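# Analysis of the macromolecular model
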Amino acid sequence: MLWAPEQTARSDGWQQEVWTCFVCTSCGGVTSTRSKSAGDGSRAISNIYPEPKAAHSDIPDTARRFLQQAIETLHAPDAAAVMAGSAVDSMLKSLGYDGGSVYSRIEKAVGDNVLTQNMGEWAHSVRLGSNRPRHADAEQPHVSPAEAKRSVEFAEALGQFLFVLKAQIDRALAQAEAAKSA
């Protein structure tokens, strides 16, 4: 805890809120929380600022779990890079690209136009970055924080492109069809 709970007076007549600041154990930044006091003296946190980042629920379970771990371990770049690589691999597997090596799965997805050429190149970069700590590369075993961040951002973007956008479009089309039928 960086700053002790402080109750603020509300000018709109609503229940007073309690604010507390914490040092984030992952990034070292400051996180603040808002809560309301219960009658028994306890408090339930209603908001966290900034909001914790979460992998989107439209991403398949295994890939989402790897991606969430990548997000949560950005403070440990080697771990984040390995998890980002696993998320990308799992996404490809969930699309049916499950034979051969990760390299061959990426190439097959590019060949099938599931990934663009540039996306394939970036996927290979993530794959190679995750291999360095996983195989304790003799010359450059560690991933920099910037490399890990790029790998996690790519895995997030790939999940958005392959799964979230498609699910949003499918839901919008279903809603439009239901409205048309009604």
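Throughout, residues of each chain are indexed from 1 in the direction in which the sequence is written. This being a predicted model, a pLDDT of at least 70 is required before a residue's local features are given, and a value of 80 or more before pairs of side-chain atoms are given or counted; all residues contribute to the totals for chains, interfaces and linings. Hydrogen atoms and water are omitted, and side-chain values are computed over all heavy atoms in the structure.

## Overview of the overall build of the chain
Only DSSP runs of H or I reaching four residues or more are called helices, and only runs of E reaching two or more are called strands; each is numbered from the N terminus. Secondary structure summary: the chain contains 5 helices and 4 strands in total. Secondary structure elements in the chain, listed N-terminal to C-terminal, are β-β-β-β-α-α-α-α-α. Two things to know: the radius of gyration comes from C-alpha atoms, and the globule rule equals 2.2 Å times the number of residues to the power 0.38. Relative to the compact-globule value of 16 Å for 182 residues, the chain shows a C-alpha radius of gyration of 21 Å, a clear excess of over 25%. Judged by the C-alpha coordinates and their principal axes, the chain covers about 60 × 60 × 25 Å. Pairs of residues are marked as contacts when any of their non-hydrogen atoms sit within 4.5 Å. Taking the intrachain contacts of the chain between residues at least 6 apart in sequence as the baseline, contacts between residues at least 24 apart amount to 40%. In this description, accessible areas are obtained by the Shrake-Rupley approach with a 1.4 Å probe, and a residue is regarded as covered only by the protein chains that are shown. Surface summary for the chain: the accessible area is close to 11,000 Å², and the carbon and sulfur share equals 55%.

## Thoughts on the nonpolar core
If you look at soluble globular proteins, the nonpolar side chains tend to sit buried side by side. Residues grouped as a nonpolar core are buried Ala, Val, Leu, Ile, Met, Phe, Trp, Tyr and Cys residues, joined through side-chain atoms within 4.5 Å. Three exposure classes are used, based on accessible area relative to the maximum for each residue type with a 1.4 Å probe and protein chains only: buried under 20%, partly exposed in between, and exposed over 50%. Core analysis: the biggest nonpolar cluster contains 32 residues, and Ile59, Leu67, Val88, Met91, Leu115 and Leu158 have the highest contact counts within it. Looking at this core, the elements with two or more residues in it are α1 (61–72), α2 (77–94), α3 (102–111), α4 (117–134) and α5 (145–181). Examining the composition of this core, we find that 9 residues originate from one element, α2, more than from any other. Residue contacts for Met91: discarding those within four places in its chain leaves Ile59, Ala63, Leu67, Ala155, Leu158, Gly159, Leu162 and Phe163.

## Things to note about the packing of α1 against α5
When two helices pack together, their arrangement is given by the angle between their axes and by how far apart the axes lie. Axes, fitted as lines to C-alpha atoms, cover a helix only where it is in contact. Angles between the N-to-C directions of the axes lie from 0 to 180 degrees. Viewed as axis vectors pointing N to C, α1 and α5 meet at an angle of 145 degrees, and their least axial separation amounts to 10 Å. Here α1 and α5 pass one another in a crossing that is left-handed. On the side of α1, the interface is formed by Leu67, Ala70 and Ile71, while α5 contributes Val152, Ala155 and Glu156. Each residue gets one of three labels, nonpolar for Ala, Val, Leu, Ile, Met, Phe, Trp, Tyr, Cys and Pro, charged for Asp, Glu, Lys and Arg, and polar for the others, Gly among them. Of the residues belonging to the contact of α1 with α5, the class tally is 5 nonpolar, no polar and 1 charged. Note on convention: near helix rotated counterclockwise from far helix by under a right angle means a left-handed crossing. Clockwise means right-handed.

## A short note on a nonpolar patch on the surface
In this scheme, patches are assembled from residues that exceed 30% relative accessible area and form no salt bridge. Like charges are connected within 9 Å, while nonpolar side chains (Val, Leu, Ile, Met, Phe, Trp, Tyr) are connected within 5 Å. One side-chain nitrogen of Lys or Arg within 4 Å of one carboxyl oxygen of Asp or Glu is enough to make a salt bridge. Residues Leu2, Trp3, Val23 and Val30 make up a contiguous nonpolar surface patch of roughly 370 Å² in combined accessible area. Checked against the element boundaries, Leu2 lands in the segment before β1 (3–8).

## Quick notes on the pattern of salt bridges
Going through the model one piece at a time under the given rule, you end up with 11 salt bridges. Two residues, Lys149 and Glu153, come together in a salt bridge whose shortest N-O distance is 2.9 Å. Residue Lys149 and its partner Glu153 are located together in helix α5, separated by 4 residues, close to a single helical turn. The exposure class assigned to Lys149 is partly exposed, which follows from its relative accessible area of 47%. Glu177 is the salt-bridge partner of Lys180, the closest N and O atoms lying 3.7 Å from each other.

## Regarding the side chain of Ser35
Among the structural elements, Ser35 can be located in strand β3 (residues 30–37). Residue contacts for Ser35: discarding those within four places in its chain leaves Gln16, Glu17, Val18, Arg43, Ala44, Ile45 and Ser46.

## Some words on the environment of Asp12
Tracing the chain through its elements places Asp12 in the loop between β1 and β2 (17–23). On the basis of relative accessibility, which here comes to 43%, the residue Asp12 falls in the partly exposed class. In sequence terms Asp12 and Lys108 are 96 residues apart; their C-alpha atoms lie 59 Å from each other.

## Considering the packing of aromatic side chains
Here is the rule: rings of Phe, Tyr and Trp (six-membered ring for Trp) pair when centre to centre is within 6.5 Å. Planes less than 30 degrees apart are stacked, more than 60 are edge-to-face, and the remainder are tilted. Inspection of the entire model under this criterion finds 2 aromatic pairs. Between Trp19 and Tyr49 the ring centres are 5.9 Å apart and the planes differ by 25 degrees, which places this aromatic pair in the stacked class. Remark: Tyr49 occurs in strand β4 (residues 43–49) and Trp19 occurs in strand β2; sequence separation between them is 30 residues. Judged by its relative accessible area of 22%, Trp19 is partly exposed. Residue classification places Tyr49 among the partly exposed residues on the basis of a relative accessible area of 32%.

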